[in-house]
Amino acid sequence: MDKDLAEVLTNPDNLFMAFTAVVTFATILTLAMPYMNRGGLESRLKSVANRREELRRKSREALANKPGGSLRQTDEGVYKNIVDRLQLSRLLEDSNVQEKLAQAGLRGPSAITRFYFFRFIMPFALGAAATFYLFVINGFHLPMLQKLTVCMGFVVIGYYAPNLYISNMATKRRDSIVQAFPDSLDLLLICVESGMSIEAAIQKVGQEVGSTSIELAEELTLLTAELSYLPERRMAYEGLAKRTNHPGIKSVVTAMIQAERYGTPLGAALRVMAKENRELRLAAAEKKAAALPAKLTVPMILFFLPVLFVVILGPAIIRIQDQMHH
């Protein structure tokens, strides 16, 4: 029975069928994901409202407790116990982990704990899986040294896999925010010039931009909460710049901080920043369009040209064969 199972697992046809099934499922999931996430705005705004209540609770505790009291959050759970017992936060210390997680939309101590846990466990998991497959199921007739090299390669991949996952999430989140940010600046400019305060304007824009970018709506709502409860408004603006990590948004944040510090008109600064961000978005689109021919070269050679040759030459070859037979 074990021999039959090994033959099934090592059969190239079965491996190809499994790979095809995984790719098909991933394609269907990718196409269906936008329709499945339509109702995600309410949950995102609810999480931001919870963040507002958390800041409010911290503010009340700071007033009620004596000076020097601790307002640090606690994180309880299985991941927290493992991380504390093994001292993974010290062993796998990363000074920028909180900023990276915030850029990916993951906030709170539980996200940091899970990151350290999976960064510790993934090398062992992938290394064990590769070792089991190469030494038990199918070794592909490789020498011992090459098998050990492949296993060590999977261990290294497992160590960097959480970072790659977080970086991918942060990139997708930043692209979604940057895509809708120039339009949100135009809305913010209209609200400010109509006489609304900056907090009310940001909150209004966050509600309106939710249909375009849930991530930007979440960031703007969180910015409104932090403007209300953080000790300095500059900290709220700088937090938005760190979470988005985009030059255009950083320039807007700098302009808003300077406008509040020196009393300069905010409307003029927002108008200039909106124009600059639209130009940045147009430049990014032109860059993608310029790189498209080079990216399409290999797919055209592998997929389009053979089909084109079959369509063009197929009828002629069939007609020549018929004439030769007659």
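Above this text you will find the structure in question.
The structure presented is a predicted model; accordingly, all values stated were derived computationally and were not measured. (Residues numbered from 1 in each chain as written. Predicted model: local features only at pLDDT ≥ 70, side-chain atom pairs only at ≥ 80, totals over all residues. Heavy atoms only, no water.)

Caption draft 1: Just the overall build of the protein chain, in detail. Looking only at helices and strands, one finds 13 helices and 0 strands in the protein chain. When the helices and strands of the protein chain are read in sequence order from the N terminus, they spell out α-α-α-α-α-α-α-α-α-α-α-α-α. Residues classed as buried in the protein chain amount to 28% of the 326 residues present. A separation of at least 24 residues holds for 64% of the contacts in the protein chain among residues at least 6 apart in sequence. When the accessible area of the protein chain is evaluated, it comes to approximately 21900 Å², of which 64% is carbon and sulfur surface. (Helix = DSSP H or I, 4+ residues; strand = E, 2+ residues; numbered from the N terminus. Buried < 20%, exposed > 50% of the residue type's maximum accessible area, 1.4 Å probe, protein only. Contact = heavy atoms within 4.5 Å. Areas by Shrake-Rupley, 256 points an atom, 1.4 Å probe, with all protein chains shown as cover.)

Caption draft 2: Examining the packing of aromatic side chains more closely. The full count for this structure, using the stated rule, is 5 aromatic pairs. Centre to centre, the rings of Y159 and Y160 are 5.1 Å apart; their planes meet at 90°, and the pair counts as edge-to-face. Lying over the aromatic face of F135, K147 brings its terminal NZ or CZ to 5.3 Å of the ring centre. (Phe/Tyr/Trp six-rings, centres within 6.5 Å; stacked < 30°, edge-to-face > 60°. Lys NZ or Arg CZ within 6 Å of the ring centre and 35° of its normal.)

Caption draft 3: How the structure looks around helix 10 (residues 214–229). Look at helix 10: 23 Å from first C-alpha to last across 16 residues, which is about the 22 Å you get at 1.5 Å a residue. A large share of helix 10 lies buried, amounting to 14 of its 16 residues. (Expected span 1.5 Å × (residues − 1).)

Caption draft 4: Here's a closer look at the pattern of salt bridges. Under the defined criterion, the tally for this structure stands at 14 salt bridges. Across the salt bridge formed by R278 and D186, the nearest N and O atoms sit 2.8 Å from each other. You can see R278 sitting in helix 13 (residues 266–325) and its partner D186 sitting in helix 8 (residues 144–193), a full 92 residues away along the chain. Here R278 falls in the partly exposed class, since its relative accessible area comes to 34%. Classification of D186 as partly exposed rests on a relative accessible area of 25%. A salt bridge links E232 to R234, with the nearest nitrogen and oxygen atoms 2.8 Å apart. Each of R107, R173, E218, E219, E226 and R243 takes part in a single network of salt bridges with overlapping partners. (Salt bridge = Lys/Arg side-chain N within 4 Å of Asp/Glu carboxyl O.)

Caption draft 5: Structural detail: the side chain of S213. In this structure, S213 sits in the loop between helix 9 (198–208) and helix 10. For S213, the side chain forms a polar contact with the side chain of S176, separated by 3.0 Å. When sequence neighbours within four positions are dropped, the list of residues in contact with S213 reads S176, I177 and A180. (Polar contact = N/O pair within 3.5 Å; in protein donor to acceptor, adjacent residues only side chain to side chain.)

Caption draft 6: Structural detail: empty space enclosed by the protein. The full count for this structure, using the stated rule, is 2 cavities of 30 Å³ or more. By volume, the largest cavity amounts to about 110 Å³. Around the largest cavity sit F181, S184, L185, L188, I202, V205, L220, L223, L240, V252, V253 and M256, which together line it. Mapped by element, the contributors of at least two residues to the lining of the largest cavity are helix 8, helix 9, helix 10 and helix 12 (247–262). Among the elements that line the lining of the largest cavity, the one with the most residues is helix 8, at 4 residues. Taken together, the residues of the lining of the largest cavity sort by class into 11 nonpolar, 1 polar and no charged. A volume near 50 Å³ is recorded for the second largest cavity. Looking at the lining of the second largest cavity residue by residue, the class counts come to 5 nonpolar, 2 polar and 1 charged. (1 Å grid on protein atoms, 1.4 Å probe; cavity = no way out; pocket = protein on both sides within 12 Å on 5 of 7 lines; lining within 4 Å. Points joined across faces, edges and corners; volume = space filled by probe spheres on them. Nonpolar A, V, L, I, M, F, W, Y, C, P; charged D, E, K, R; others polar.)

Caption draft 7: Spatial organisation of the packing of helix 9 against helix 10. Interhelical geometry of helix 9 versus helix 10 gives an angle of 155° and a closest axis separation of 8 Å. Put simply, helix 9 runs roughly antiparallel to helix 10. Between helix 9 and helix 10 lies a crossing of left-handed hand. On helix 10, the residues touching E199, I202, Q203, V205 and G206 of helix 9 are A217, L220, L223, T224 and L227. By residue class, the composition of the contact of helix 9 with helix 10 is 6 nonpolar, 3 polar and 1 charged. (Axes fitted to C-alpha atoms, helices over the stretch in contact; angles between N-to-C directions. Parallel < 35°, antiparallel > 145°, perpendicular 65-115°, else oblique. Left-handed = near helix turned anticlockwise from the far one by under 90°.)

Caption draft 8: A look at the nonpolar core. Of all hydrophobic cores here, the largest spans 33 residues; its most connected members are L185, L188, I198, I202 and Y237. Sorting the residues of this core by element identifies helix 8, helix 9, helix 10, helix 11 (233–244), helix 12 and helix 13 as the ones contributing at least two each. If you tally residues by element for this core, the top one is helix 8, at 8 residues. What I202 contacts, discounting residues up to four positions off in sequence, is L188, L220, L223, T224, L227 and M256. Of all hydrophobic cores here, the second largest spans 12 residues; its members include L88, A111, F115 and Y116. (Core = buried A, V, L, I, M, F, W, Y, C linked by side-chain atoms within 4.5 Å.)

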